[in-house]
Amino acid sequence: MHGASRIKEVVIINSIPPDLLSEPARAFAGRSHGLLIGGASVPAADGRKFTTPDPSTARPIAEVPLSGPEDVDRAVRAAHAALKKSAWATMPPAERGRLIGRLADLVEANADELAELESLDGGKPVKLAKIVDVTGAVGALRYAAGWPTKIIGDVVPQSIPGAFSYTRKEPVGVCGQIIPWNFPLLMAVWKIGPALAAGCTSVLKPAEQTPLTALRLGELALEAGLPEGVLNVLTGDGSTGAAIVDHDGVDKVAFTGSTEVGRGIAGRAGHALKRVTLELGGKSANIIMPDADIAAATKGSFQAIYYNTGQACIAGSRLFVHRDHFDDVVGALAERASTARVGPGLDPKTQLGPVVSAEQYKRVTGYIEQGKAEGAELVAGGGRGGQEGNGWFVEPTLFTATSDDLTMAREEIFGPVLVAQPYEDLGEVTRKANATEYGLAAGVWTRDVATAHKVAHQLEAGAVYVNGWGRMDPAAPFGGVKASGLGREHGREGLEAYLETKTIWIDVA
Ligand code: ADP
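Residues numbered from 1 in each chain as written. Predicted model: local features only at pLDDT ≥ 70, side-chain atom pairs only at ≥ 80, totals over all residues. Heavy atoms only, no water.

K.L.:
Could you clarify how one ought to interpret the overall build of the chain in this entry?
P.N.:
Looking only at helices and strands, the chain has 16 helices and 20 strands in total. Over its C-alpha trace the chain gives a radius of gyration of 23 Å, about what one expects of a compact globule, namely 23 Å for 509 residues. Projected onto its principal axes, the C-alpha positions of the chain cover 70 × 70 × 40 Å. Accessible surface, the chain as shown: approximately 20,100 Å² in total, 53% of it carbon and sulfur. (Helix = DSSP H or I, 4+ residues; strand = E, 2+ residues; numbered from the N terminus. Rg over C-alpha atoms; globule rule 2.2 N^0.38 Å. Areas by Shrake-Rupley, 256 points an atom, 1.4 Å probe, with all protein chains shown as cover.)

Shown next, in the form of structure tokens:
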């Protein structure tokens, strides 16, 4: 890494048994951390820092700089300079693709370290961090690496005699990319992949709860040979994010996070007429039809909600089961929930890690208490899964309800809490499934192909999963309708969000 860090002391890693963390991960977490601005590792201009804790123990892991407006300004300037000076935007496409591909190779080569850092910082099971987060990040970067050589305009068939016109696809410019804590490395890559492929430069801000893997990704980007300033990484909180959104030099904002914050960002970016894409919250309905393969549907529905301890925007948090199978499905889910292993992410036996922060713990347990108070029946979980200490553990929790009116059935919890409801007919269940402000994902389990298509078409969501849940591919568009977002990530649409179309007219008369 270029540039000397002036941050002096290092805290850390006081609580992790040595055999749970490999030397590279321990060394990185225990190192002094700087912001990545213009290819240099630097402290925050005003010297402020914050601590990122281990969700399994609530003890500090590392201190990172807290970026203020001055740092945002420096990073945006560096990103602008990189557009021009390094000619990132006008670099031969094959070369841009090669560098992104090289970054994919480096992420792959450092997969164990990245998975361990992700698990340490966010609490997720390390095995899943490797096979889902890191592997997904490598795939997304390889996909992005293929795009630069395939970005083409059109020759436009217009009707004016003596005129010729064509379109060029040009990068939007400097992108402010703000990401959440639930899939930190993966979200970072989902953001930077298409931006870099399009020839944009980025100011990336990881969430304050999970800053480590984005910092490591920034280092790997330099090692891959990305020119200085093409990728800048600013650790910080909501105030840092707000300063990025509001900076005049940011041409496009890409945000993944809560609907509440996203709404505010949309307003400010809209006023400034910046390009904006938003991937926001969800309250996804998961429907088990009477003809479904009940065993597969039960297993899949368990994963749909409890994967990543329920901290997924696509979590299938509202389960509708036909009344003929309701008791069986609820019983089987409760059985699975009560035997799932809750524990620290770095413990290889853990199936559900802790929730990410004290704030999330309070929020999730608050919803559980409110659910009980509002009359929902607690069928499984609700406690700490036998875990002692200060970690933020919540066991997989299952409620049944007959009323549509429960707060926990309407609001996004972002934790391991499922509400199951019985239904009688298709019209009733699709109406209930769509009766939400959100529209990110939905699912249906059925053996009948006609029912599958019919229900998939009726559900108001950006993605519908049939007989499965949570499939993702960098080629398949991802995003929400209604209050779940604006625009799509992945695929051609995801790339287009980082491109402007210029029409060029030539008089040939
Ligand atoms: P959560 O409530 O799950 O933490 P947030 O939407 O608050 O989700 O946070 C998602 C990301 O947005 C984080 O990186 C956070 O720092 C950032 N953020 C929070 N508030 C703002 C804001 N007002 N403007 C821009 N970014 C913000």
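K.L.:
What am I meant to see in the sheet that holds strand β20 (residues 499-507) here?
P.N.:
In a beta sheet, neighbouring strands are held together by backbone hydrogen bonds and run either parallel or antiparallel to one another. The 3 strands lie next to each other as β5-β6-β20, forming an open sheet whose pairing is antiparallel. Each edge of the open sheet is held by one strand with a lone partner, namely β5 (155-156) and β20. Where strand β6 (residues 163-171) and β20 come together, 9 bridges link them in antiparallel fashion. Residue pairing for β20: Lys169 is matched across the bridge by Thr501. (Pairing = 2+ DSSP bridges.)

K.L.:
Explain the site of the ligand here, please?
P.N.:
Near the ligand lie 19 residues; those nearest to it are Ile179, Trp181, Lys205, Glu208 and Ser258. Expressed as a share of its isolated accessible area of 550 Å², the protein-covered part of the ligand is 80%. Secondary structure elements with two or more residues in the shell around the ligand: α8 (238-246), β10 (252-256) and α9 (259-271). (Near = heavy atom within 4 Å.)

K.L.:
Looking at this structure, how should I read the side chain of Thr309?
P.N.:
Along the chain, Thr309 turns up in the loop between α10 (294-306) and β13 (318-322). A polar side-chain atom of Thr309 sits 2.9 Å from the main-chain carbonyl oxygen of Gly353. Not counting the four nearest positions on each side in its chain, Thr309 is found in contact with Leu352, Gly353, Pro354, Val355, Val394, Gly415 and Pro416. (Polar contact = N/O pair within 3.5 Å; in protein donor to acceptor, adjacent residues only side chain to side chain. Contact = heavy atoms within 4.5 Å.)

K.L.:
Got a minute to help me understand the environment of Ile314 in this structure?
P.N.:
Secondary-structure assignment places Ile314 in the loop between α10 and β13. Looking at Ile314, the relative accessible area reads 11%, which means it is buried. The spacing of Ile314 and Trp469 is 155 residues in sequence and 8.9 Å in space, taken between C-alpha atoms. Not counting residues within four places of it along the chain, the set of residues in contact with Ile314 comprises Ser284, Leu440, Ala441, Tyr465, Trp469, Gly470, Met472 and Phe478. (Buried < 20%, exposed > 50% of the residue type's maximum accessible area, 1.4 Å probe, protein only.)

K.L.:
Sorry, what's going on with the nonpolar core here?
P.N.:
Within soluble globular proteins, side chains that are nonpolar generally end up buried alongside one another. Residues Leu103, Val107 and Leu398 are the most contacted members of the largest nonpolar core, which totals 107 residues. When sequence neighbours within four positions are dropped, the list of residues in contact with Leu398 reads Tyr306, Val330, Leu333, Ala334, Glu377, Leu378, Val379, Ala380, Leu418 and Ala420. (Core = buried A, V, L, I, M, F, W, Y, C linked by side-chain atoms within 4.5 Å.)

K.L.:
Which parts of the structure should I look at to understand helix α2 (residues 69-84)?
P.N.:
Side chains three or four residues apart in an α-helix point the same way, a direct result of the helix having 3.6 residues per turn. With 16 residues, α2 extends 23 Å from end C-alpha to end C-alpha; this agrees with the ideal 22 Å at 1.5 Å per step. Within the span of α2, buried status applies to Asp71, Val72, Ala75, Val76, Ala78, Ala79, Ala82 and Leu83. Looking straight down α2, one finds that the buried residues subtend no more than 160° of arc, so they occupy a single side. Facing away from the buried side of α2 by more than 90 degrees, the exposed set consists of Pro69, Glu70, Arg77 and Lys84. For α2, the elements touching its buried residues are β1 (35-37), β7 (174-178), β8 (201-205), β9 (231-233) and α8. (Expected span 1.5 Å × (residues − 1). Arc of directions from axis to C-beta.)

K.L.:
Would you explain the pairing of strand β3 (residues 49-53) in this entry?
P.N.:
In the case of a regular strand, side chains alternate between the two sheet surfaces. The two faces of β3 differ: Phe50 and Thr52 on one face are buried, but Lys49, Thr51 and Pro53 on the other face are not. Hairpin connection of β3 to strand β4 (residues 60-65): 6 residues between the antiparallel strands, including Ala58 at a positive phi of 65°.

K.L.:
Mind showing me how you'd approach the pattern of salt bridges here?
P.N.:
Should the charged atoms of two oppositely charged side chains come close, the side chains can pair. The tally for this structure, following the rule as stated, stands at 25 salt bridges. The partner of Arg31 in a salt bridge is Glu219, with the nearest N and O atoms 2.4 Å apart. Highlighted residues: Arg31 in the loop between α1 (23-30) and β1 and Glu219 in helix α7 (residues 212-224), separated in sequence by 188 residues. A salt bridge links Glu208 to Lys205; the shortest N-O distance between them is 3.7 Å. Look at the salt bridges and you will find they share partners, linking Arg31, Glu113, Arg216 and Glu219 into a network. (Salt bridge = Lys/Arg side-chain N within 4 Å of Asp/Glu carboxyl O.)

K.L.:
Mind showing me how you'd approach the packing of helix α3 (residues 93-109) against helix α6 (residues 184-198) here?
P.N.:
The description of two helices packed together rests on the angle between their axes and the distance between the axes. Where α3 contacts α6, the two axes come as close as 9 Å, and the packing angle between them is 165°. Here α6 runs roughly antiparallel to α3, going by the angle between their axes. Note on packing geometry: the crossing formed by α3 with α6 is left-handed. In contact with Arg96, Ile100, Leu103 and Val107 of α3, α6 contributes Leu185, Ile192, Leu196, Ala197 and Ala198. Split by residue class, the contact of α3 with α6 holds 8 nonpolar, no polar and 1 charged. (Axes fitted to C-alpha atoms, helices over the stretch in contact; angles between N-to-C directions. Parallel < 35°, antiparallel > 145°, perpendicular 65-115°, else oblique. Left-handed = near helix turned anticlockwise from the far one by under 90°. Nonpolar A, V, L, I, M, F, W, Y, C, P; charged D, E, K, R; others polar.)

K.L.:
Mind showing me how you'd approach the packing of helix α4 (residues 111-122) against helix α5 (residues 126-145) here?
P.N.:
With their axes 8 Å apart at the nearest point, α4 and α5 run at an angle of 115° to one another. Of the two elements, α4 crosses α5, and the hand of that crossing is right-handed. Within the contact between the two elements, α4 uses Ala111, Asp112, Leu114, Ala115, Glu116, Glu118 and Ser119 and α5 uses Val126, Ala129, Lys130, Asp133 and Val134.

K.L.:
For this particular structure, what's the right way to read the pairing of β13?
P.N.:
Most of β13 sits inside the fold, with 5 of its 5 residues counted as buried. Covered by surrounding structure in β13 are Arg318, Phe320 and His322 together with Leu319 and Val321, the residues of both alternating faces. The pairing of strand β12 (residues 285-288) with β13 spans 4 bridges and is parallel. The partner of Ile288 across the bridge, within β13, is Val321. The pairing of β13 with strand β16 (residues 417-423) spans 5 bridges and is classified as parallel. Looking at the pairing, Leu319 lines up with Ala420 of β16.

K.L.:
For this particular structure, what's the right way to read helix α14 (residues 426-434)?
P.N.:
Buried residues of α14: Glu428, Val429, Thr430, Lys432, Ala433 and Asn434, and no others. The opening residue of α14 is Asp425, an N-cap whose side-chain oxygen sits 3.1 Å from the backbone nitrogen of Gly427.

K.L.:
Any chance you could explain the sheet that holds β13 here in plain terms?
P.N.:
A sheet is described by the order of its strands in space; here 7 strands give the open sequence β14-β15-β16-β13-β12-β17-β18, paired in mixed fashion. Where the open sheet ends on each side, the last strands, each with one partner, are β14 (377-380) and β18 (463-466). Averaged over all pairs of adjacent strands, the angle between their axes in this sheet comes to 25°, without regard to strand direction. Across the sheet, α10 lies against β12, β13, β15 (397-400), β16 and β17 (441-445), angled at about 170° from β12, the strand it touches most.

K.L.:
What is the right way to read the packing of aromatic side chains from this model?
P.N.:
The relation between two aromatic rings is expressed through the spacing of the ring centres and the mutual angle of the planes. Scanning all chains against the criterion turns up 7 aromatic pairs. Positioned above the aromatic ring of Tyr498 is the side chain of Lys252, whose terminal nitrogen or guanidinium carbon lies 4.6 Å from the ring centre. Looking at Arg336, its charged tip hangs above the ring of Phe302, at a distance of 5.9 Å from the centre. (Phe/Tyr/Trp six-rings, centres within 6.5 Å; stacked < 30°, edge-to-face > 60°. Lys NZ or Arg CZ within 6 Å of the ring centre and 35° of its normal.)

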